[in-house]
Amino acid sequence: VVEIEGGGELTYTMSQVESDYLAEEICQKMTISSLRNDPNYRQKFLKALKIYRKRILEIFDESQIIIHAFELNYEYAGIDGKTHAYDNPSKADITMTNYFAVQLQSDLINMFPKAAVIDSRRWHWIGDERMPTGNIPHHFQSERYRFFLSELAKIIAQRQKHQK
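Residues numbered from 1 in each chain as written. Predicted model: local features only at pLDDT ≥ 70, side-chain atom pairs only at ≥ 80, totals over all residues. Heavy atoms only, no water.

## Section: the packing of helix α3 (residues 41-56) against helix α4 (residues 91-111)
For clarity, the threshold we go by: Only the stretch in contact is used when fitting a helix axis, every axis being a line fitted to C-alpha atoms; angles between N-to-C directions are given from 0 to 180 degrees. Per the convention used, a helix needs a DSSP run of H or I reaching at least four residues, while a strand needs a run of E reaching at least two, with both numbered from the N terminus. Angular relationships are summarised with four words: roughly parallel below 35 degrees, roughly antiparallel beyond 145, roughly perpendicular across 65 to 115, and oblique for the angles in between. Each helix crossing is assigned a hand: it is left-handed if the near helix lies turned anticlockwise from the far helix by less than a right angle, otherwise right-handed if that turn is clockwise. Whether two residues touch is decided by their heavy atoms; if any such pair falls within 4.5 Å, the residues are in contact. Each residue is assigned to one class: nonpolar for Ala, Val, Leu, Ile, Met, Phe, Trp, Tyr, Cys and Pro, charged for Asp, Glu, Lys and Arg, and polar for all the others, Gly among them.
Close contact between α3 and α4 brings their axes to 11 Å; oriented N to C, the two are set at 30°. One element, α3, and the other, α4, form an angle in the roughly parallel class. Of the two elements, α3 crosses α4, and the hand of that crossing is right-handed. Mapping the contact onto sequence places Tyr41, Arg42, Phe45, Leu46, Leu49, Lys50 and Arg53 in α3 and Gln103, Leu104, Asp107, Leu108 and Met111 in α4. The residue inventory of the contact of α3 with α4, partitioned by class, reads seven nonpolar, one polar and four charged.

Structure below.
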């Protein structure tokens, strides 16, 4: 989260935060708040999550919500056909990010106990160097996305069946 002087907040990825884009567009003091540098981040997240819950439940019934729990992967399939470990970010950085992600996803799941959860943390797909959107730890092999869509379709079909 990027906290802007005066109380504003933006959610951004760390790569976006580390670029100069925000600094060029916003002419106010900014502070980066994350689980890595802010001991109060989780409390801030929970506070924002309560606001989000209130607002989303004005639109959707909680039983219509589907949460996707996931982790970053450590390896990718190279163009050479071999499996490679990511070196940027490091294995330690990925492990720490996954640790934090599990905490926040747990908070999200607990906040919406009637929501369905697609938990892909134990799926065995890795990254793919040929991904058009980039070979980074939160992008996976194409088969994983097809499998995810089939899991999503099962939940939606099951819910439609129960509504009849």
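## Let's talk about α3
We apply this condition: Any helix carries an expected span of 1.5 Å times its number of residues minus one.
Between its first and last C-alpha, α3 extends 22 Å over 16 residues, near the 22 Å set by a 1.5 Å rise per residue. Those residues of α3 hidden inside the fold are in contact with α4.

## Looking at helix α5 (residues 142-163)
Spanning 22 residues, α5 covers 32 Å between terminal C-alpha atoms, matching the ideal 32 Å at 1.5 Å per step. The elements touched by buried residues of α5 are β4 (66-69) and β7 (116-119).

## Examining unusual backbone geometry
Here the bond from asparagine 88 into proline 89 is cis, since omega is 10°, no more than 30 degrees from zero. Inspection of the secondary structure assignment puts proline 89 in the loop between β6 (83-85) and α4.

## With respect to the sheet that holds strand β5 (residues 75-77)
Within a sheet, adjacent strands bond to each other through the backbone by hydrogen bonds, running parallel or antiparallel. To be explicit about the condition: When DSSP finds at least two bridges between two strands, those strands are taken to pair.
The strand order across the open sheet formed by three strands is β6-β5-β8, and the pairing between neighbours is mixed. The open sheet has two edge strands with one neighbour each: β6 and β8 (127-128).

## Focus: the sheet that holds strand β1 (residues 2-4)
Taken in spatial order, the three strands make up an open sheet running β2-β1-β3, and their pairing is antiparallel. Each having just a single partner strand, β2 (8-10) and β3 (30-32) make up the two edges of the open sheet. This sheet shows a mean twist of 25° between the axes of neighbouring strands, independent of strand direction. Pairing analysis gives three bridges linking β1 to β3, with the strands arranged antiparallel. Pairing of isoleucine 4 across the sheet is with methionine 30, part of β3.

## Side note on the pattern of salt bridges
The following threshold applies: One speaks of a salt bridge when a side-chain nitrogen belonging to Lys or Arg is within 4 Å of a carboxyl oxygen belonging to Asp or Glu.
One pass over the full model with this rule turns up ten salt bridges. Its salt-bridge partner being glutamate 62, residue arginine 53 comes within 3.2 Å of it at the nearest N-O pair.

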